[in-house]
Amino acid sequence: MPFQDLAPEIILTILRNCSSITDLVNLFRSCRRIHSMLSTSQKTSMLYHVAEIEFGPLHDAFQLLTLNNSQPAHLIRDPPRSHSLLRQVIAVGRVAKKWEDIYPLCKWDSDFVDRRSLSGDERYRLRRAIYRYWLYTHAFHTPAYPRTSRRIPQLVIQRVQLLHNWSTRELFEIDDFQATLRALIGSRICPSDSAVQAIGHGDGEYPEPSSVKRLLTTAAQDLFHTSRDGHMVHRQDRYHMNVSMGWGDPITHYYIIEDLLKLDPKAVLWLYDHSQKWQVEGYLNSLGEWFCNNGDTFSETLTCVLQRREIDLVDRMDTCVGII
């Protein structure tokens, strides 16, 4: 029987059981009968239902997409459902879906024998962590927050208030995602001199991902100064390393990674696909002077929140786990 000749109840059941926005939209457009069967509000409701399945949690995506200068970042916002908002949800959701494929590569970098795809629940927690980390970067990693503002009490309180919206377990999920970013940036986008030299000699050693960072006080200088007369390695390994030169000794490399952790997940994905050193340097220079030598603040804010909750940072993993 042709699809358009099915009983309305069967067609509605098929539409409601779609798990992909693309599939649902294509069904809406498949014939005039289906297009006219539902009202605009019914279609919108159904689209958001499927978006929750494919890109959820939409609640956290809404907080990211409705962030504005007139409200503190920690306030909960419940915007009206519209097609414009849905298009934005799909855009950030597709970024999160790309991370679902990259996350296992970084999580089981050296233990590649144990590498596997994420379960449905793990994908959901990963997307939630991505939206929340993205919200934090858009709220507090902007030109409005230069290095001199890091310790201003009022701004510290604002960052802490945002993190207090989430449970301790959920905070560790975000920390787990940031560790993935740190590993990806430190090995694929901005590898150290020693890592590039190891790749050049056929040794596949990479920096280990770290957790909550140790607060350092020494500032690095000339972070992005390079010389193209130095030793160059042109090689792309099985994990997408595509670099020309390393990014300095361990201390300099550390501060470069701290700077890049201010980038949102979409920007990191772009650098992952454009990881030649001249491309990365050009992107960083385009951000302005505020970005350089002004490291990530999420880790120190997380440490502050955990201390207020009297969570032992040493034994925290015995109590809470990350995304997996």
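Residues numbered from 1 in each chain as written. Predicted model: local features only at pLDDT ≥ 70, side-chain atom pairs only at ≥ 80, totals over all residues. Heavy atoms only, no water.

An unreviewed UniProt entry annotates the chain as F-box domain-containing protein originating from Endocarpon pusillum.

Draft legend 1. A look at the overall build of the chain. Of regular secondary structure, the chain possesses 15 helices and two strands. Burial statistics for the chain: of 324 residues in total, 50% are counted as buried. Considering only residue pairs separated by 6 or more positions, the chain has 77% of its internal contacts joining residues 24 or more positions apart. Carbon and sulfur atoms make up 51% of the accessible area of the chain, which amounts to about 16300 Å² in all. (Helix = DSSP H or I, 4+ residues; strand = E, 2+ residues; numbered from the N terminus. Buried < 20%, exposed > 50% of the residue type's maximum accessible area, 1.4 Å probe, protein only. Contact = heavy atoms within 4.5 Å. Areas by Shrake-Rupley, 256 points an atom, 1.4 Å probe, with all protein chains shown as cover.)

Draft legend 2. Region of interest: the packing of aromatic side chains. Taken as a whole and assessed by the stated rule, the structure comprises 10 aromatic pairs. When the ring of Y133 is compared with that of F177, the centres are 5.9 Å apart and the planes differ by 75°; the resulting orientation is edge-to-face. Here Y133, found in helix α7 (residues 120-140), pairs with F177, found in helix α9 (residues 168-189); they are 44 residues apart in sequence, far enough to count as distant. A residue is classified by how much of its surface remains accessible, and Y133, at 0% relative accessible area, is buried. (Phe/Tyr/Trp six-rings, centres within 6.5 Å; stacked < 30°, edge-to-face > 60°.)

Draft legend 3. Representation of the environment of R125 within the structure. Considering the arrangement of structural elements, one finds R125 in helix α7. Overall, R125 belongs to the buried group, its relative accessible area being 19%. When the C-alpha atoms of R125 and F177 are compared, they prove to be 10.0 Å apart, with 52 residues separating the residues in sequence.

Draft legend 4. Quick peek at helix α12 (residues 265-273). Among the residues of α12, those classed as buried are P265, A267, V268, L269, L271 and Y272. The opening residue of α12, the one whose side-chain oxygen lies 3.0 Å from the backbone nitrogen of K266, is D264. (Polar contact = N/O pair within 3.5 Å; in protein donor to acceptor, adjacent residues only side chain to side chain.)

Draft legend 5. Spotlight on the nonpolar core. Ranked by size, the top nonpolar core spans 79 residues in total, and within it L15, W99, F177, I189 and L260 carry the most contacts. Looking at this core, the element that brings in the most residues is helix α6 (residues 83-107), giving 11 residues. (Core = buried A, V, L, I, M, F, W, Y, C linked by side-chain atoms within 4.5 Å.)

Draft legend 6. Structural detail: helix α2 (residues 21-28). Of the positions making up α2, those classed as buried are I21, L24, L27 and F28. In a view along the axis of α2, the buried residues occupy a sector of 130°, so they form one face of it. Turning to α2, the residues buried within the fold contact α1 (8-16), α3 (32-37), α4 (40-55) and α6. The opening residue of α2 is S20, an N-cap whose side-chain oxygen sits 3.3 Å from the backbone nitrogen of T22. (Arc of directions from axis to C-beta.)

Draft legend 7. Structural context of the packing of α7 against helix α8 (residues 153-163). At a closest axis distance of 11 Å, the pairing of α7 and α8 adopts a crossing angle of 165°. By the angle between their axes, α7 is roughly antiparallel relative to α8. Note that α7 runs across α8; the crossing there is right-handed. Residue-level contacts link L135, Y136 and F140 of α7 to Q158, R159, L162 and L163 of α8. Residues belonging to the contact of α7 with α8 are distributed by class as follows: five nonpolar, one polar and one charged. (Axes fitted to C-alpha atoms, helices over the stretch in contact; angles between N-to-C directions. Parallel < 35°, antiparallel > 145°, perpendicular 65-115°, else oblique. Left-handed = near helix turned anticlockwise from the far one by under 90°. Nonpolar A, V, L, I, M, F, W, Y, C, P; charged D, E, K, R; others polar.)

Draft legend 8. Just unusual backbone geometry, in detail. The peptide bond linking G56 to P57 adopts the cis configuration, its omega dihedral lying at 10°. Structurally, P57 is set in the loop between α4 and α5 (58-65). Unusually for a residue other than glycine, N293 sits at a positive phi of about 55°. Classification of N293 by relative accessible area gives partly exposed; the value is 22%. Phi at E310 is positive, roughly 60°, even though this residue is not glycine. Mapping E310 onto the fold places it in the loop between α14 (298-308) and α15 (316-319). A residue is classified by how much of its surface remains accessible, and E310, at 72% relative accessible area, is exposed.

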